[in-house]
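Survey of secondary and tertiary structure
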Amino acid sequence: MDLSLIEKELKKRTQYKYEWGRKQNNQFDTITNFIYHIHSFDELIAHIQKIFVNNKEIKKIGNYAVNRWYNFHSAMAVEHIFCTHPLVKKFEQERDKYCDFYIKNIPFDHKTSVFPKSIGWSLSNCKSNYSLLAKWLYDHQSAEQRQHYANRIFIILHCKQGAHWKLKAELKFLQEIIYRYLNSFNEAHLIQLNYNDKKTILTDLIWAEA
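Described below are features of the structure shown in this document. (Residues numbered from 1 in each chain as written. Predicted model: local features only at pLDDT ≥ 70, side-chain atom pairs only at ≥ 80, totals over all residues. Heavy atoms only, no water.)

Our next topic: the sheet that holds strand β2 (residues 101-103). With mixed pairing, 6 strands are arranged side by side in an open sheet as β1-β2-β3-β4-β6-β5. The strands lining the two open edges of the sheet, one partner per strand, are β1 (88-90) and β5 (191-193). Strand-to-strand twist in this sheet, taken as the mean axis angle between neighbours without regard to direction, amounts to 35°. The sheet contact formed by strand β4 (residues 152-158) and strand β6 (residues 201-209) spans 7 bridges and is parallel. The partner of R152 across the bridge, within β6, is T203. Along the sheet, helix α7 (residues 171-183) makes contact with β1, β2, β4 and β6, crossing β6 at roughly 135°. (Pairing = 2+ DSSP bridges. Helix = DSSP H or I, 4+ residues; strand = E, 2+ residues; numbered from the N terminus. Axes fitted to C-alpha atoms, helices over the stretch in contact; angles between N-to-C directions. Contact = heavy atoms within 4.5 Å.)

Set out below in structure tokens:
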């Protein structure tokens, strides 16, 4: 995987306003699943314009598609970054939404999230109490096929200028932060959460601030 090339393509998306227009749902996921197979931002735009030229909701579909494309390809690059570290073993079976890789034989899914505006606590409060934010993220995770209670590593993006989402394109920056975390990884420091009859969840937060 060429991280430099992917970063270049992702940064093309950051030149435009970030709008969804609707909550993520399975219906719109289905009609935009072409995003998995398109790696160029320019090709993505051309494809959307061709396929949905006569659709009155082309703007909404287009916004949805480019955001899914951006988030997906950033996530795949981040997964690759984890898996190039000697402490990490890639999950080799068919793709599983509950596991991306193992860190010291502990299975983890990973998710890159912007610092949530609606959390009601300051950044400093969350950084002094990781479990508070971790539980909030599980409690407020997206519904439908994205919802699960498996082990997860969260990368929390926070930009002083406010455009937290743009940090998903800064792959070299994220690689430095992820490697720094893995170099000092200690399973004894993982956050443990319990949900009713579900097994204990192991999770952790990696802060990416700029």
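Next comes the rest of the description.
What follows deals with the side chain of H158. For H158, the position within the fold is in strand β4. Since its relative accessible area comes to 17%, H158 is described here as buried. With sequence-adjacent residues up to four places away left out, H158 is seen in contact with F115, L123, H164, L167, A208, E209 and A210. (Buried < 20%, exposed > 50% of the residue type's maximum accessible area, 1.4 Å probe, protein only.)

The biggest cluster of nonpolar side chains holds 44 residues, and the ones touching the most others in it are F34, L44, F82, I103 and I155. If you list the elements that add at least two residues to this core, you get α1 (3-13), α3 (41-51), α4 (58-83), β2, β3 (106-114), β4, α7 and β6. When residues in this core are grouped by element, the largest group, 10 residues, is from α4. Apart from the residues within four sequence positions on either side, F34 is in contact with L44, H47, I48, F52 and A65. Of all hydrophobic cores here, the second largest spans 16 residues; its members include L137, I191, L205 and W207. (Core = buried A, V, L, I, M, F, W, Y, C linked by side-chain atoms within 4.5 Å.)

All right, on to the packing of α1 against α4 then. When two helices pack together, you describe them by how their axes are tilted relative to each other and by the distance separating the axes. Close contact between α1 and α4 brings their axes to 10 Å; oriented N to C, the two are set at 155°. With respect to α4, the element α1 is oriented roughly antiparallel. Crossing handedness for the pair α1 and α4: left-handed. Across the interface between the two elements, L3, I6, E9, L10 and R13 of α1 pack against V66, N67, W69, Y70, H73, S74, A77, H80 and I81 of α4. (Parallel < 35°, antiparallel > 145°, perpendicular 65-115°, else oblique. Left-handed = near helix turned anticlockwise from the far one by under 90°.)

Next up on the list: the environment of N55. Residue position: N55 is located in the loop between α3 and α4. For N55, a relative accessible area of 31% gives the class partly exposed. Here E57 takes part through its backbone nitrogen, which lies 2.8 Å from a polar atom of the side chain of N55. (Polar contact = N/O pair within 3.5 Å; in protein donor to acceptor, adjacent residues only side chain to side chain.)

Time to look at the environment of K23. Along the chain, K23 turns up in the loop between α1 and α2 (26-31). Between the C-alpha atom of K23 and that of Y64, which follows or precedes it by 41 residues, the distance is 9.2 Å.

So, on to the pairing of β4. Judged by how many residues are buried, β4 sits mostly within the fold: 7 of 7 residues are covered. Of the two faces of β4, the one lined by R152, F154, I156 and H158 and the one lined by I153, I155 and L157 are each fully buried.

All told, the structure shown has 16 aromatic pairs when counted by the stated rule. Ring geometry for W20 versus Y64: centroids 5.2 Å apart, planes at 85°, classification edge-to-face. Of this pair, W20 sits in the loop between α1 and α2 while Y64 sits in helix α4, and the two are 44 residues apart along the sequence. Taking 6.2 Å as the distance between ring centres and 45° as the angle between the ring planes, the aromatic pair formed by F34 and F52 counts as tilted. Taken together, the residues span a long stretch of sequence, with F34 in the loop between α2 and α3 and F52 in the loop between α3 and α4 at a distance of 18 residues. (Phe/Tyr/Trp six-rings, centres within 6.5 Å; stacked < 30°, edge-to-face > 60°.)

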